[in-house]
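Here are the chains, one letter per residue:
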Amino acid sequence: MDFRLADELPDDSIIGRRFIINAIASLFMAASLLAVSWTTYELWVVRAGISDWQARMDNAGPELKEVERLQREYVLETARIDEIHGMMHYPMPLTILVGELGRTLPGIVSLDMIESLEGEIVVRGTLEANSEQASRLIGDYVKGLIDNEVIGPHFEEIKLSGLERFDEEDGLSFEFTMTPKETEDGNEEGGGLFGA
């Protein structure tokens, strides 16, 4: 009969159960520690990168503002060049238009501005006379432009589009609109500021 107490005898295997359990637990713990270390390192790298880019952005602020300012100036200069190009290719040169407007202008009338709005040429000015005389005078002037042999053939319509009396003195400000004739290809002669 075997009277040994098998449960109380030491384990006689080469690698004990406790060692295997401890080894597996140690592997899991080492892997977890390695994963946490790698994640911490990546987080540190990302934060360092964000700080670096933020510093670069802060340092580039004045340069960025300068670039934006230059872009705005470039857009304005481009618009001016396009405007000049349009003026040069207008069927009726701008100098002739302005010269003819000035030649036919009554002495008490002054032109303040000539601009292009949505394919039409808008002329604004003032004249000093009593309201009735001033409105009659500017109306006759605009009608005369329609019949003018230099200006008239290039415009479909020339109409008085605004009159405003001065508050405390004689005179008024006026506005008339000149609509260019359409060419055979369907474009207006005065497309752009003064057409291209």
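This text goes with the structure placed above it.
Residues numbered from 1 in each chain as written. Predicted model: local features only at pLDDT ≥ 70, side-chain atom pairs only at ≥ 80, totals over all residues. Heavy atoms only, no water.

Asker: Lay out the overall build of the protein in plain terms, naming residues and giving numbers.
Answerer: Within the protein, the regular secondary structure consists of three helices and four strands. Expressed as a percentage of its 196 residues, the buried residues of the protein come to 20%. At a minimum sequence separation of 6, the contacts of the protein that also span at least 24 residues come to 58%. When the accessible surface of the protein is summed, it comes to about 14,800 Å², and 57% of that surface belongs to carbon and sulfur atoms. (Helix = DSSP H or I, 4+ residues; strand = E, 2+ residues; numbered from the N terminus. Buried < 20%, exposed > 50% of the residue type's maximum accessible area, 1.4 Å probe, protein only. Contact = heavy atoms within 4.5 Å. Areas by Shrake-Rupley, 256 points an atom, 1.4 Å probe, with all protein chains shown as cover.)

Asker: Account for the side chain of T177, with residues named and values stated.
Answerer: Inspection of the secondary structure assignment puts T177 in strand 4 (residues 172-180). Not counting residues up to four positions away in its chain, the partners in contact with T177 are E120, I121, V122, E157, I158, K159 and S161.

Asker: Describe in detail the pattern of salt bridges, supporting the description with residues and values.
Answerer: A complete count under the given rule lists seven salt bridges for this structure. With a shortest N-O distance of 2.3 Å, R69 and E73 are connected by a salt bridge. Linking R69 with E73, this pair stays in helix 1 (residues 17-88), spanning four residues, or about one helical turn. The class of E73 is partly exposed, set by a relative accessible area of 39%. (Salt bridge = Lys/Arg side-chain N within 4 Å of Asp/Glu carboxyl O.)

Asker: Residue-level account of the nonpolar core, with values.
Answerer: In terms of nonpolar packing, the biggest core is built from 19 residues, with L101, I151, I158, F176 and M178 touching the most fellow members. Listing elements by their share of this core, those giving two or more residues are helix 2 (94-104), strand 2 (120-127), helix 3 (131-147), strand 3 (155-165) and strand 4. The element that contributes the greatest number of residues to this core is helix 3, accounting for five residues. Setting aside chain neighbours within four positions, we find L101 in contact with L111, I114, V123, Y141, L145, I151 and F176. (Core = buried A, V, L, I, M, F, W, Y, C linked by side-chain atoms within 4.5 Å.)

Asker: So what's going on with the pairing of strand 1 (residues 109-117)? Which residues, and what values?
Answerer: The sheet contact formed by strand 1 and strand 2 spans eight bridges and is antiparallel. Pairing of M113 across the sheet is with R124, part of strand 2. Between strand 1 and strand 2, which pair antiparallel one after the other, the connecting turn spans two residues, and E118 there sits at a positive phi close to 50°. (Pairing = 2+ DSSP bridges.)

Asker: Give me the lowdown on the sheet that holds strand 4, citing residues and values where you can.
Answerer: If you walk across this open sheet you meet the four strands as 1-2-4-3, and the pairing is antiparallel. Because the sheet does not close on itself, it has two edges, and the strands there are strand 1 and strand 3. With strand direction ignored, the average angle separating the axes of adjacent strands in the sheet is 20°. Sheet topology note: the strand 2/strand 4 ladder contains seven bridges and is antiparallel. If you follow T126 over to strand 4, its bridge partner there is S173. Packing of helix 2 onto the sheet brings it into contact with strand 1, strand 2, strand 3 and strand 4, and relative to strand 1 it is tilted by some 150°. The strands touched by helix 3 are strand 1, strand 2, strand 3 and strand 4; relative to strand 3, the strand with the most contacts, the crossing angle is about 170°. (Axes fitted to C-alpha atoms, helices over the stretch in contact; angles between N-to-C directions.)

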